[in-house]
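Topology and contacts: notes
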Amino acid sequence: MIETMSKPKRILFLLAIFLTNIAACGELIITPITYNIYEAFPGQTMACNFIISAPMLIMIVVSLIVPKIINILGKKNTLLLGTILFTASGILTVAINSIPFIICMRIINAIGQAIVNVDAMTLIADAYPDDQKRGTITGYYSAFMGLLSAVLSAISGSLAAISWTNAFFTYWAGVPMIILVFLCIPYMNDTKEEVQNTETKSHESYGRKFIIYCITLALFFICYCIPVYFGSVYIQENALGNEAFSGLVSSVCSIAGMLAGLGFGFIYSKSKKYTGFISYLLLAIVLLLLYIKASAALLMICMFVAGFVMNLVYSFGFSYALTLVPESKTSGAIAILQAVSGCGQFAATYVVTFLMGILNTDLVKPILIIPAVVAIIIALVEFVCRKSERTN
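Along every chain, residues carry numbers that run from 1 in the direction the sequence is written. Given that the model is predicted, a residue must reach a pLDDT of at least 70 before its local features are reported, and side-chain atom pairs must reach 80 or more before they are shown or counted; all residues, however, enter totals for whole chains, interfaces and linings. Hydrogen atoms and water are omitted, and side-chain values are computed over all heavy atoms in the structure.

Some points on the confidence of the model for the protein chain
- With 94% of its residues at a pLDDT of 70 or more, the protein chain has an overall mean of 88.
- pLDDT: the predictor's confidence for each residue, scored from 0 to 100. Helix and strand labels come from DSSP, where a helix needs a run of H or I of at least four residues and a strand needs a run of E of at least two; each type is numbered from the N terminus. Least confident of the elements in the protein chain is helix 10 (residues 192-200), whose mean pLDDT is 50; most confident is helix 14 (residues 275-292), at 96.

Brief notes about the environment of Thr138
- Mapping Thr138 onto the fold places it in helix 8 (residues 131-162).
- A simple rule labels every residue: compare its accessible area, found with a 1.4 Å probe on the protein chains alone, to the largest value its type can have, and call it buried under 20%, exposed over 50%, or partly exposed in between. For Thr138, a relative accessible area of 0% puts it in the buried group.
- Residues Thr138 and Pro32, 106 residues apart in the sequence, show an inter-C-alpha distance of 28 Å.
- The residues contacting Thr138, other than those within four sequence positions of it, are Met121, Ile124, Tyr314, Ser315 and Phe318.
- Polar contacts involving the side chain of Thr138 include one to the main-chain carbonyl oxygen of Arg134, which spans 2.7 Å. Note on contacts: a residue pair is in contact if any heavy atoms of the two residues lie within 4.5 Å. Between N or O atoms, a polar contact is any pair within 3.5 Å; within protein, one atom must be a potential hydrogen donor and the other a potential acceptor, and residues adjacent in sequence are included only when both atoms are from side chains.

With respect to a nonpolar patch on the surface
- On the surface, Tyr140, Ile255, Leu259, Leu262 and Phe304 cluster together to form a nonpolar patch covering roughly 450 Å² of accessible area.
- Broken down by element, the residue count for the nonpolar patch peaks at three residues, all from helix 13 (residues 243-271).
- Examined against the element boundaries, Leu262 turns out to sit in helix 13.
- Take Leu262: its relative accessible area is 52%, and that puts it in the exposed class. Each patch groups residues whose relative accessible area exceeds 30% and which form no salt bridge, using 9 Å between like charges and 5 Å between nonpolar side chains of Val, Leu, Ile, Met, Phe, Trp and Tyr. Here the open area of atoms and residues is found with the Shrake-Rupley method and a 1.4 Å probe, where only the protein chains shown may cover a residue. In the sections that follow, a salt bridge refers to a side-chain nitrogen of Lys or Arg positioned within 4 Å of a carboxyl oxygen of Asp or Glu.

Observations concerning the nonpolar core
- Remark: nonpolar core denotes a set of buried residues (Ala, Val, Leu, Ile, Met, Phe, Trp, Tyr, Cys) joined through side-chain atoms within 4.5 Å. By size, the foremost hydrophobic cluster in this structure holds 121 residues, and its most contacted members are Tyr141, Tyr213, Phe220 and Leu299.
- With 14 residues, the single largest contributor to this core is helix 7 (residues 99-127).
- Aside from chain neighbours lying at most four places away, what touches Tyr213 is Tyr280, Val313, Phe316, Gly317, Ala321, Leu324, Leu337, Glu382 and Arg386.

With respect to the environment of Ile111
- By secondary structure assignment, the location of Ile111 is in helix 7.
- Sequence separation of Ile111 and Phe86 is 25 residues, and the distance between their C-alpha atoms is 7.4 Å.
- With near-sequence residues (within four places) excluded, Ile111 lies in contact with Ile58, Val62 and Leu85.

Digging into the side chain of Asn117
- Note that Asn117 resides in helix 7.
- Of the residues examined, Asn117 reaches a relative accessible area of 13% and is grouped as buried.
- If sequence neighbours within four positions are ignored, Asn117 has contacts with Ala23, Ala24, Met59 and Gln338.

See the structure below:
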């Protein structure tokens with residue numbers, strides 16, 4: 001389909017797809033005002049917890065049913081539905097100063113995010129069936145995500161400085177996203193015949209290798225999120241710097257992710273199916289170094305590598321990993337990959353609490369040896385799985 005488009009239409013198509021990252025970065029709009037939400041509704045801690053954390057769980061569940069919605073509505077209509085739900089609910093979140101209303105809008109917002117995230121990647125897979133070209137586009141997509149993350153966070157924080165409810169005005173950025181999706185996304189493989197062909201092949205299995213990959217991916221995200229989520233804690237407990245240094249480390253991680261996205265096409269062309277193995281191994285080295293020695297300079301280097309590796313794994317998952325499943329299972333595989341990565345990110349904080357209890361410590365540094373060992377194990381599993389493909 002993409003080959004039949006003129007160059008201007010192809011550019012607009014990719015711009016529309018890349019702009020759907022506004023939904024992927026939606027939760028970052030809330031991050032600067034987390035404290036304000038608890039302050040605005042004192043005595044309602046559980047409700048505030050739901051507002052902050054529940055959307056991640058909702059997105060995980062909804063992601064798994066998006067392929068069914070696509071089969072009913074088609075890819076373009078489903079994407080439009082998701083962008084509209086995300087934008088409208090985000091803008092209206094604080095239209096009424098009521099916890100039940102805010103919770104309702106946050107649920108709808110999470111549903112919209114899940115639909116957009118899965119459908120956008122499905123459109124990329126549909127437009128670029130070749131895994132090398134798809135990997136390059138996915139890398140650019142993830143790099144654009146990093147750029148939008150920084151921009152949306154900055155806008156949200158600036159608006160929140162005036163009034164915390166103003167942060168939700170950032171969701172107006174979704175309006176041009178809706179317009180571009182409506183005008184620039186064609187109807188791709190949405191005929192009844194295509195849907196029927198997909199349904200007749202629904203009995204096909206995802207395959208053992210894809211299932212194993214999903215397990216290693218979930219473990220990777222848990223291991224990755226431990227130093228990322230608890231980086232500021234690691235900095236404070238080892239007296240490496242203040243809040244400004246924590247922000248600098250976070251920025252370095254984001255910049256590294258953008259660079260990885262931009263360079264993924266080249267990296268993937270060289271390392272191919274071993275990209276995942278190399279990435280897992282690099283993360284293991286990062287965790288081991290952070291466990292062995294606490295140093296400001298070393299932390300900066302390690303978090304740069306971690307951010308770089310995360311985007312390599314993200315792009316690899318939506319390029320090579322999709323070749324492990326039958327074509328009829330592509331949408332389902334994308335949904336599963338989104339859900340699996342979400343599960344890993346959601347579980348990370350609880351894993352840290354569990355490990356601290358086992359090791360009888362309230363420090364982050366001593367527990368890093370465990371995710372380091374896990375990262376080594378999943379790297380070996382990934383290597384064996386990819387190596388075995390030569391003889392299968």
